[in-house]
Structures are given as C-alpha cells and as structure tokens.
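Examining the three-dimensional arrangement
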Amino acid sequence: MAESGGSPWAERIRDERRTRGWSQKQLATHLFKAAGAITLPEFDSVLRRIKDHEAGTRPKDPYPLLYCRVFGVDEAALFDGVNPAAGSPPTAEDLLAHAAWIEQSNVGDTTISMIDEARHHLAEGHTQTPPARMLASVLHQHRQVRALLRGGKQRLRQTRELFHIDSALLAHACILLGDMYDDESAVVHGMAALLSAQEAGANEAAALSALAKTERWRRRYAVSADAAARGYQCSPPTPLRILLACQEANAASLLGDFARASDALQRAEQAAETAADDSGMSPWSCPASRRALYALSVALQANDPSVALRAAAAADEAWADGATWVTGTWAQVRFGAGIACVMMGDLDAAAEQITPAMSLPPESRLSTITNYLVRLDARLDSPRFRGSDSVATLREQIRTFNSARALPAAVEEDA
C-alpha cells in the first residue's frame, strides 16, 4: 500500500540519487550493476519501481538491499532514519554494500588502457596522416573521454587517468588546429589541456609545449618562451623535453634574445644525449632533423645565413643516416635554406632549395610551412631584387603555393 509521497525514507532515496547527479534512469542502471546474481525484471519495470518508491511506495526485496549497495548506506539509516550507534562496528553486510558501491564504475581499467593505447596510436601517426583527418580522429576520441567523465561514476584513480588521457588529446588537437590556421581554437584547446593535466595531477609538459607553439604563431613570443621553459623544467627525460628547449630557443630568438636562444639550443642537445628513444613521428618528437630545423630558424632570426645553411645540411645528413623522414620538417628546412640563400644574394641556389617542396599537396601546406614562404617573399621584396625576372617567378610560385594552402579546421563547440 502506498505511503504518502512525503515519507522520510522516500525523500532520502530521492535525495541520495540527486546528490549524485543521477536521473531515475541512471539510478536504474546502477541498481542493475549492483544486483550481481540477483535477478531483476526488465529495465522499464525497475524504472517504474524507482518512481513508485520515490512517490511513497515502500520497496520490497531485493530493492532495499540494492539501494543500500548503490548509495553505500545502512538500511536502518536509509529506511528508518536510524543512525548506527556511534563507535559500533559495521556489519559484514554493511561492508559488502560499501565495497560494492566503491567498485561501481562506468569504465573499467582495461577500457582505460585501451583508450590510452588508442590515444598513443593517434600521436604516433601524427606525421604520417593528413592533418584534417587526424584532427577529426583526435576530437572524436576526446568526445568519447569527455562523455565518460561527465556521464558516470569512476573511482578517483580512474577519473585522474581519464583526465590525463584527455589532456594529451587536447594538446594534440591544439597542435593540429594551429597547423590548420585556427590559432584561436588552438589556444582554447591548449588551455583545456593544461587544466585537464592539473586536474589529473599529471605532468603538464605536453600541454605547455602545445601552448608554446600556438602563442609563438600568435606572436606572443615572451609568453611562448616562458611556457616552453616551464615545460622543460617539469618534463621527464623524453623527446618532449628536447622539443621544449628548442621551442624556447625559437621564441627567444624572435624576441631578439639570442643569448637565451643559444643556451636553450645547448640544453636541447644535452637533453638529447639522455632522452628515451624517439620514433620521430609524434607531435612531441624532436629527432636530430627537427633540432636542426630549430637551429636553422634561430640562425635566420640572428641574420646568420651561413649557420642556417649548416643547420639545413645537418638535417639532410640526419635523414641520410636513416632518421625518420617527415614531410613537414623537410619542407621547412628547404624553405628556410631558401631564405638563407636569398640573404646571401644567391637566387639560383634559393630556387634549387625550394623547388622540390613546391609540389606539396594542399592538405600538407600547413601554417608552419607557409609562414616560411611568407618570410621568403618578404626578403624577395627587397629593392635589391626589383626588376629581376627570376625573383618575379619565385614570388609568383610562392603566391600560388600559399593560395592553395590547407583550409582552416572546422571544430565542434564545447571542446
């Protein structure tokens, strides 16, 4: 027989559910999970029972036991409003109910490991997959992790692991968005990556690296250099630590602080001596060829084309020795070497350097690549080259190349 909807125990069931942010459907799901070997009727029937119980119908077996398992409370406290005597030991049934509640989760450790493995697989495919396709995959996995974090209950350890995974995904998305000319979205994703790492109590180096790159392209060079320096200080001895030192060097050179840039490049080489193996394919890789690219960039900022060309030769030597060949790094080296040749007044050598990379497909014409050509075009606009047919040809090639660049990425809201 139904009791009044204001029954204290009916209100306690409703309050326990609402405290956890669950709907009645979610509570029904948790009751099924807590049932174990206990047979329950169909889901809709259990949902109707919950509504009846919260309206005032006193639950019959096995529901009192299941509610106690789900809420982790004593049956007398839930249904009779009686608190267990202070200092009295819990019963075995109390402890079993509490243990069952602790172990309930919307994701298991095996699933979390699989999610992290998928995240790692995406990162290792970074340099071998068209950016638009990679971004779609990264954001898809981010939304899956976000749904787990928002939609259910995990143990604290699992929640931290999910935040850690999501931080890496958001940092990866930040890199890709910057490559695809969407710096504003990149910054948002980078900040979310940093926040997720902090929430997880995890290392912040990857998020700081992503932000350092994005802030550099936004011309906030001091912010970029400081973010990279913070990441370097907290990074373990991995390729990412090398990359962070190189990023600090690049941003410092753009500030005109070449002493800091030189020191950072030296730290990058020292870190490379003790770093773990580098696949050369992830966004956090920094093999010898990429380090040479950063040295080339710093030399260009310092107006030292001879050093820049030696850095380009070092990159070519690394590839000749078997280093992983990455299209984007190679194109930047070619265009950077072209700038150095123009600085030395050798237009034929400049054309020889840049021509092989001018056939990159549009989806590979990322901001990190086209910006080198913007700088090259600015050099060719010098009064010393006016009236030159070869310069006019080079500048037309640059305009054609950059006009067919990758389109800005389309990003879903609520990253």
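Coordinates for the structure precede this section.
Residues numbered from 1 in each chain as written. Predicted model: local features only at pLDDT ≥ 70, side-chain atom pairs only at ≥ 80, totals over all residues. Heavy atoms only, no water.

1. Quick look at a positive patch on the surface
What counts, and what does not: Patch members must show over 30% relative accessible area and no salt bridge, and they are joined within 9 Å when carrying like charges or within 5 Å when they are nonpolar side chains of Val, Leu, Ile, Met, Phe, Trp or Tyr. Method for areas: the Shrake-Rupley scheme with a 1.4 Å probe, in which residue coverage is limited to the protein chains shown. The working definition used for a salt bridge is a side-chain nitrogen of Lys or Arg within 4 Å of a carboxyl oxygen of Asp or Glu. Only four residue types enter the charge count: Lys and Arg as positive, Asp and Glu as negative, with His and the chain ends excluded. Charge placement uses NZ in Lys and CZ in Arg. For Asp and Glu, CG and CD serve respectively. Helix and strand assignments come from DSSP, with helices taken as H or I runs of at least 4 residues and strands as E runs of at least 2, each series counted from the N terminus.
Taken together, the side chains of K25, R48, R49, K51 and K60 define a basic patch exposed on the protein surface. Among the elements that line the positive patch, the one with the most residues is helix α3 (residues 43–55), at 3 residues. By the element assignment, R48 lies in helix α3.

2. Concerning empty space enclosed by the protein
Going by this rule: Here a cavity is any set of points on a 1 Å grid over the protein atoms alone where a 1.4 Å probe fits but cannot get out, and a pocket is any open set with protein on both sides within 12 Å along at least 5 of 7 lines; a residue lines the site when it has an atom within 4 Å of a point. Grid points are joined across faces, edges and corners, and a volume is the space filled by probe spheres set on the points. Each residue receives one of three labels: charged for Asp, Glu, Lys and Arg, nonpolar for Ala, Val, Leu, Ile, Met, Phe, Trp, Tyr, Cys and Pro, and polar for the others, Gly being one of them.
Under the counting rule described, the total for this entry stands at 2 cavities of 30 Å³ or more. A volume near 30 Å³ is recorded for the second largest cavity. In terms of lining, the second largest cavity is formed by R119, A123, A168, L169, H172 and W284. Elements that contribute at least two residues to the lining of the second largest cavity include exactly α7 (109–124) and α9 (156–179). Counting residues per element, the lining of the second largest cavity draws most heavily on α9, at 3 residues. Of the residues in the lining of the second largest cavity, the class split is 4 nonpolar, 1 polar and 1 charged.

3. Details of the environment of E16
Applied cut-off: The criterion used for residue contact is that any of the two residues' heavy atoms lie within 4.5 Å.
Within the element layout of this structure, E16 appears in helix α1 (residues 8–19). As for E16 and G72, which are separated by 56 residues in sequence, their C-alpha atoms are 9.9 Å apart. With sequence-adjacent residues up to four places away left out, E16 is seen in contact with F71, V73 and L78.

4. Description of the layout of surface pockets
Regions of empty space are outlined by a rolling probe, equal in size to a water molecule, passed over the atoms. The computed volume of the largest pocket comes to approximately 1,000 Å³. Contributing to the lining of the largest pocket are 45 residues, with D179, K213, Q332, T368 and I369 lying nearest its centre. Mapped by element, the contributors of at least two residues to the lining of the largest pocket are α9, α11 (205–217), α13 (239–254), α15 (288–301), α17 (327–343) and α19 (367–380). It is α19 that contributes the most residues to the lining of the largest pocket, 7 residues altogether. Looking at the lining of the largest pocket residue by residue, the class counts come to 17 nonpolar, 20 polar and 8 charged.

5. Examining the side chain of Q141
Condition: Per-residue accessibility, obtained with a 1.4 Å probe over protein chains only, is compared with the maximum for each type, and a residue is labelled buried under 20%, exposed over 50%, and partly exposed between these values.
Relative to the elements of secondary structure, Q141 occurs in helix α8 (residues 131–151). On the basis of relative accessibility, which here comes to 5%, the residue Q141 falls in the buried class. For Q141, the residues in contact, after removing those within four places along its chain, are I115, A118, R119, L122 and L169.

6. Topic: the environment of G178
On the secondary structure map, G178 appears in helix α9. For the pair G178 and T368, spaced 190 residues apart in the sequence, the C-alpha separation amounts to 8.5 Å. Excluding its chain neighbours within four sequence positions, the residues that come into contact with G178 are D183, A186 and S367.

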